[in-house]
Amino acid sequence: MLLNQIILGLSTGVFYSLAALGLVLIYKVTGVVNFAFGNMGMFMIYIAYSLISVKLSPFYTLLIILGLAAGFGWIVERLTMRPLKHLSHGSMLIVTLGIMMILEGLVTQIWGTDYKGFPELVAGKPYVLKGNFGILVFRKQDILAFDLLLLISLVLFILLKYTKLGIALRTTSEDEETAQLMGINTNFVSSMVWMMGASIAALIAFLSAPKTYVSPVMMIHYQIEGFTAAVLGGFTSIPGAIFGGLILGVLENIVATYISNELKTTFSLLLIVMILLIRPEGVFGKAKVKRV
């Protein structure tokens, strides 16, 4: 029974890890908490719904949506974030809140508020394992989501460690002024992380839509849990974001099964408060040492 709950928790935690990853990438480089993250993915899935409605295959729709999301992330950074870089991060955060509300308003005006069905990218009967441990059920879509998380993690590891862009990303995240003095185009780096973040948001929406249905509020839960996973793992740690999401998914599922399903969200918010009080840098984050 417990093993089954852990497996189910991991299948949910994959989405939390992806959400945390998208949030951490942007925050680590730009210092901005993107409150529009969820709605950026939600807006893209409505476009995907329209494309699938005209008989375009889910696979080709996903490729188009990822490209559109990357372009949308570039537009957001270029037209809203970059002009405000000379101001405080608080001003940029307020802009993300504005973008969040604008996207929700656009969606309700264009597509309405009714819940809409969405096809799975990988359909078919789930895999079932039977043994002394009981019965374990693996949905193909969940296995795909886990494989994509592993692939994205591997690509990011290689990108950050072995490429010039990765060096630029790491240098900019440490000190933007120093990066500029070294000849790094920090504006390009900022655009890249916003493009990555928006694409990850679209991917989460695409993979989760068959379970949550397409609606204006479909990404709110994943955004909240993504923030929680990022705080748990460390808001500046990419490995922390990945493992934080998986750990949160398991803990949340155990709470829902053995205590109360209604306490899942409350547990996540309580966990944020506890971590910030006990270890503000998160489980995998490093405390910053400041010279005084």
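Asker: Honestly, the overall build of the protein in this entry has me stumped. Any pointers?
Answerer: Helix and strand counts for the protein come out as 11 helices and 2 strands. Counted from the first residue to the last, the protein has its helices and strands arranged as α-α-α-α-β-β-α-α-α-α-α-α-α. Here the C-alpha radius of gyration of the protein, 19 Å, is about what a compact globule of 292 residues would show, namely 19 Å. Each of the three principal axes of the protein carries a C-alpha extent, and together these read 60 × 45 × 35 Å. The burial tally for the protein puts 46% of its 292 residues in the buried class.

Asker: What's the story with empty space enclosed by the protein in this structure? I'm lost.
Answerer: Think of a ball as big as a water molecule: rolled over the atoms, this probe shows where empty space is left. The full count for this structure, using the stated rule, is 1 cavity of 30 Å³ or more. Here the largest cavity defines a volume of roughly 60 Å³. What lines the largest cavity is simply Leu25, Lys28, Val29, Leu160, Leu169, Arg170, Ser173, Val193 and Ile238. The set of elements that each furnish at least two residues to the lining of the largest cavity consists of α1 (2-30) and α6 (164-174).

Asker: Just to check I follow, could you spell out the packing of helix α5 (residues 140-162) against helix α8 (residues 186-212) for this structure?
Answerer: When two helices pack together, their arrangement is given by the angle between their axes and by how far apart the axes lie. In contact at an axis separation of 11 Å, α5 and α8 are set at 170° when each is read in the N-to-C sense. Looking at the two axes, α5 sits roughly antiparallel to α8. Between α5 and α8, the contacting residues are Gln141, Asp142, Leu144, Ala145, Leu148, Ile152 and Leu159 on the first element and Met196, Leu203, Phe206, Leu207, Pro210 and Lys211 on the second. By residue class, the composition of the contact of α5 with α8 is 10 nonpolar, 1 polar and 2 charged.

Asker: So what exactly am I meant to see when it comes to the pattern of salt bridges here?
Answerer: Working definition: two side chains of opposite charge can pair if their charged atoms are close together. Evaluation of the coordinates by the stated rule reveals 5 salt bridges. Residue Lys85 is joined to Glu176 by a salt bridge in which the shortest nitrogen-to-oxygen separation is 2.6 Å. Here Lys85, found in the loop between α3 (58-81) and α4 (89-111), pairs with Glu176, found in helix α7 (residues 176-181); they are 91 residues apart in sequence, far enough to count as distant. Under the relative-accessibility criterion, Lys85 is labelled partly exposed at 29%. A salt bridge links Glu120 to Arg139; the shortest N-O distance between them is 2.2 Å.

Asker: It is not clear to me how the packing of aromatic side chains should be interpreted in this structure. Could you clarify?
Answerer: Aromatic rings considered in pairs are described by the distance between their centres and by the relative angle of their planes. Tallying each qualifying case throughout the model produces 11 aromatic pairs. Judged by centre distance (5.1 Å) and plane angle (35°), the rings of Tyr46 and Trp111 are tilted. With Tyr46 in helix α2 (residues 37-53) and Trp111 in helix α4, this pair connects stretches of sequence that are 65 residues apart. Both residues of the pair, Tyr46 and Trp111, count as buried.

Asker: Teacher, can you tell me more about the environment of Tyr162 here?
Answerer: Take Tyr162: it is sitting in helix α5. Residue classification places Tyr162 among the exposed residues on the basis of a relative accessible area of 58%. In this structure, the C-alpha to C-alpha distance between Tyr162 and Gly244, residues 82 residues apart in sequence, is 25 Å.

Asker: Even after reading the chapter, I still don't get the layout of surface pockets, so can you show me in this structure?
Answerer: In this structure, the largest pocket spans a volume of roughly 1300 Å³. Put simply, the parts of the chain that give the lining of the largest pocket at least two residues each are α1, α3, α4, α5, α6, α7, α8 and α10 (238-258). In terms of residue count, the dominant contributor to the lining of the largest pocket is α5 (5 residues). The residue inventory of the lining of the largest pocket, partitioned by class, reads 19 nonpolar, 12 polar and 13 charged. Roughly 430 Å³ of volume is contained in the second largest pocket.

Parameters and conventions
- Residues numbered from 1 in each chain as written.
- Predicted model: local features only at pLDDT ≥ 70, side-chain atom pairs only at ≥ 80, totals over all residues.
- Heavy atoms only, no water.
- Helix = DSSP H or I, 4+ residues; strand = E, 2+ residues; numbered from the N terminus.
- Rg over C-alpha atoms; globule rule 2.2 N^0.38 Å.
- Buried < 20%, exposed > 50% of the residue type's maximum accessible area, 1.4 Å probe, protein only.
- 1 Å grid on protein atoms, 1.4 Å probe; cavity = no way out; pocket = protein on both sides within 12 Å on 5 of 7 lines; lining within 4 Å.
- Points joined across faces, edges and corners; volume = space filled by probe spheres on them.
- Axes fitted to C-alpha atoms, helices over the stretch in contact; angles between N-to-C directions.
- Parallel < 35°, antiparallel > 145°, perpendicular 65-115°, else oblique.
- Contact = heavy atoms within 4.5 Å.
- Nonpolar A, V, L, I, M, F, W, Y, C, P; charged D, E, K, R; others polar.
- Salt bridge = Lys/Arg side-chain N within 4 Å of Asp/Glu carboxyl O.
- Phe/Tyr/Trp six-rings, centres within 6.5 Å; stacked < 30°, edge-to-face > 60°.

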